[in-house]
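Residue strings, one per chain:
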Amino acid sequence: MSLNNLTVAKFGGTSVADFQAMLRCADIVKNDATNRLVVVSASSGVTNLLVRLSQQNIPASEQQSILANISDIQQNILVQLNDQQLSDEISVLLDELAEHAKAQGINHSKSIADTILSYGEQMSSRIFAKVLQSVGVDSAYFDVRQVMKTNSLYGQALVDIEQLQKNAKEYLAPKLQHQVLVTQGFIGQNEQGETTTLGRGGSDYSAALLAEALTANNLAIWTDVVGIFTTDPRITDQARSIKEISFGEAAEMATFGAKILHPATLIPAMRQNIPVFVGSSKEPEKGGTRIQQQVESRPTYRSIALRREQTLVTVKSPAMLHASGFLANVFAVLAKHELSVDLITTSEISVAMTFDNPEGSTQALLNSTVVQELEQLCEVSVEHGLSLIAVVGNQIHRTNGVGTSIFDTLKGINVRMICQGASEHNLCFLVDEQQANEAVEKLHSSLFA
Ligand code: ADP
Ligand code: ASP
Ligand code: MG
């Protein structure tokens with residue numbers, strides 16, 4: 001079989017949550033011979049358990065119960081497969097995991113944390129390769145760490161893309177001629193041979209990088225919803241699936257919090273112009289969303305994304321008035337602490353900036369030395385508990401009445417900061433966390449009714 005028509009298929013956590021779910025995915029792979037490379041996430045819930053396991057100072061009893069919990073999730077699948085060799089392999093991995101957890105308890109390190117986090121994908125990929133074999137697909141397990149080389153920024157490692165392209169052609173492509181390969185999303189390996197991870201939800205990104213490296217014809221992201229919706233279907237049952245969306249719009253959605261895609265997923269796909277399909281592994285017959293360069297329609301309003309846990313920092317100084325260099329100093333402090341600014345607005349003597357704050361990480365940093373360092377330069381105020389809403393569409397910056405349509409709808413909701421103009425694809429603003437769902441529901445019913 002040649003690789004002239006190659007689809008990289010990625011299955012997320014719920015898609016490989018249990019044996020039945022895995023069987024549905026196996027059918028999807030089997031029914032389309034172009035599916036040659038399969039990228040899987042950890043079975044649903046496993047990575048969350050591993051995150052807890054990787055933390056410092058967790059009680060031994062909790063460690064044991066987490067390990068038992070993870071083992072149960074995998075064993076429930078293994079009993080259905082009844083493959084002694086596989087069960088033995090998974091037992092070895094679970095023993096290794098227990099050892100790492102013990103080591104982490106004695107001497108905590110970020111490197112061990114990443115190693116611990118990788119076990120979900122290590123297990124699900126081995127298991128899924130066997131599930132594929134059980135339905136008659138000639139398939140094998142492939143360790144992605146052979147090709148996905150990264151730096152040592154544990155938890156958020158950056159992939160060496162050139163190296164990946166070289167490695168993929170050398171080690172992956174020849175094997176794909178003969179067999180379907182099942183590999184791991186989310187994980188990589190640094191120069192020292194240690195395991196690294198690419199950030200939560202990173203399997204989408206892994207799959208996109210592999211698709212790019214292999215110059216695949218398609219990337220298919222199989223998840224638990226029938227494509228990309230006009231907003232998160234968990235917020236409103238009015239949300240509906242979008243048939244077709246451009247790279248630019250979908251990338252903005254992912255960037256601004258639509259959990260359906262990891263924020264970086266579309267970057268490799270765009271570089272190589274690889275169309276991306278998003279669909280539900282539970283209901284593949286229902287179709288899904290196609291993300292590509294050329295689309296038939298480019299509506300003003302395409303979707304609404306919501307990102308919670310945002311931090312707003314306002315810096316104020318009379319020195320800013322007619323002065324140059326003030327902002328450079330502020331950003332030098334932020335850069336030193338590796339804090340990345342999302343939105344920014346300015347007035348004559350003040351600047352407001354937002355920071356993404358997953359699991360309180362930015363909050364912790366801002367509470368420590370950063371604020372003190374900024375206070376050497378200016379007055380600083382920090383607000384937490386905000387949500388970022390992005391209205392995504394086309395020509396938003398050139399369309400009359402967009403602002404009125406949006407903000408008239410939000411009467412009664414305090415809008416904390418507004419950003420628009422830098423991109424044709426979005427208008428963003430902050431609201432109080434408590435009012436975020438209400439704001440999205442109101443906007444959705446007014447813009448998509
Ligand atoms: P997976 O484990 O397959 O990667 P995720 O949980 O990461 O799945 O992403 C799928 C979830 O993303 C959906 O269940 C849905 O609740 C959420 N989501 C957020 N925004 C959107 C959107 N605009 N369209 C569809 N799903 C969305
Ligand atoms: N298993 C990882 C996570 O839960 C990666 C992924 O699912 O994309 O974050
Ligand atoms: Mg995901």
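Below is a summary of the structure that appears in this document. (Residues numbered from 1 in each chain as written. Chains lettered and ligands numbered in written order. Predicted model: local features only at pLDDT ≥ 70, side-chain atom pairs only at ≥ 80, totals over all residues. Heavy atoms only, no water.)

This next bit is on the overall build of the chain. The helix and strand inventory of the chain stands at 14 helices and 16 strands. The C-alpha atoms of the chain give a radius of gyration of 23 Å, which matches the 22 Å a tight globule of 449 residues would have. Taking the contacts inside the chain whose residues are at least 6 apart along the sequence as the reference set, 76% of them involve residues at least 24 apart. Total accessible area on the chain is roughly 19,500 Å²; 48% of this is exposed by carbon and sulfur atoms. The centroid of the 33 positive side-chain charges in the chain is displaced by 4 Å from the centroid of its 47 negative side-chain charges. (Helix = DSSP H or I, 4+ residues; strand = E, 2+ residues; numbered from the N terminus. Rg over C-alpha atoms; globule rule 2.2 N^0.38 Å. Contact = heavy atoms within 4.5 Å. Areas by Shrake-Rupley, 256 points an atom, 1.4 Å probe, with all protein chains shown as cover. Lys, Arg positive; Asp, Glu negative; His and termini not counted. Charge placed at Lys NZ, Arg CZ, Asp CG, Glu CD.)

Within the structure, ligand 1 sits among 17 residues, and T223, D224, F229, R234 and K259 are positioned closest to it. With respect to ligand 1, the side chain of D224 contributes an N or O atom lying 2.8 Å from an oxygen atom. Measuring from an oxygen atom of ligand 1, one finds a side-chain N or O atom of R234 at 2.8 Å. Isolated, ligand 1 exposes 580 Å² of accessible area, and the fraction of that covered by the protein chains is 89%. The class makeup of the residues in the shell around ligand 1 is 7 nonpolar, 5 polar and 5 charged. (Near = heavy atom within 4 Å. Polar contact = N/O pair within 3.5 Å; in protein donor to acceptor, adjacent residues only side chain to side chain. Nonpolar A, V, L, I, M, F, W, Y, C, P; charged D, E, K, R; others polar.)

The next subject is the packing of aromatic side chains. Aromatic ring pairs: the centre-centre distance and the angle between the two ring planes describe each pair. Summed over all chains, the structure comprises 4 aromatic pairs. With a centroid separation of 5.8 Å and an interplanar angle of 50°, the aromatic rings of F11 and F128 are classed as tilted. Separated by 117 residues along the polypeptide, F11 in strand 1 (residues 7–11) and F128 in helix 6 (residues 119–134) bring together distant segments of the chain. F128 gets classed as buried once you look at its relative accessible area, which sits at 0%. Judged by centre distance (6.5 Å) and plane angle (15°), the rings of F11 and W222 are stacked. With F11 in strand 1 and W222 in strand 7 (residues 218–223), this residue pair connects regions lying 211 residues apart in the sequence. There is no split in this pair, since F11 and W222 are both buried. Cluster of aromatic residues (ring-pair linked, three or more members): F11, F128, W222 and F277. (Phe/Tyr/Trp six-rings, centres within 6.5 Å; stacked < 30°, edge-to-face > 60°. Buried < 20%, exposed > 50% of the residue type's maximum accessible area, 1.4 Å probe, protein only.)

Next up on the list: the pattern of salt bridges. All told, the structure shown has 14 salt bridges when counted by the stated rule. With a closest N to O distance of 2.6 Å, E249 and R302 form a salt bridge. Remark: R302 occurs in strand 11 (residues 301–316) and E249 occurs in helix 9 (residues 247–255); sequence separation between them is 53 residues. Like R302, E249 is buried. Across the pair K286 and E283 runs a salt bridge, and its minimum N-O distance is 2.8 Å. Since its relative accessible area comes to 26%, E283 is described here as partly exposed. Residues participating in the shared-partner salt-bridge network are R307, D342 and D356. (Salt bridge = Lys/Arg side-chain N within 4 Å of Asp/Glu carboxyl O.)

We now examine the site of ligand 2. Around ligand 2 lies a shell formed by S41, A42, T47, E121, F186, R200, G201, G202 and S203. The contact in question runs from a nitrogen atom of ligand 2 to an N or O atom on the side chain of E121, over 2.6 Å. G201 has a polar backbone atom sitting 2.8 Å from an oxygen atom of ligand 2. Protein coverage of the free-state accessible area of ligand 2, which is 260 Å², stands at 87%. Taken together, the residues of the shell around ligand 2 sort by class into 2 nonpolar, 5 polar and 2 charged.

Keep in mind that these numbers describe shape and distance, not what the molecule does.
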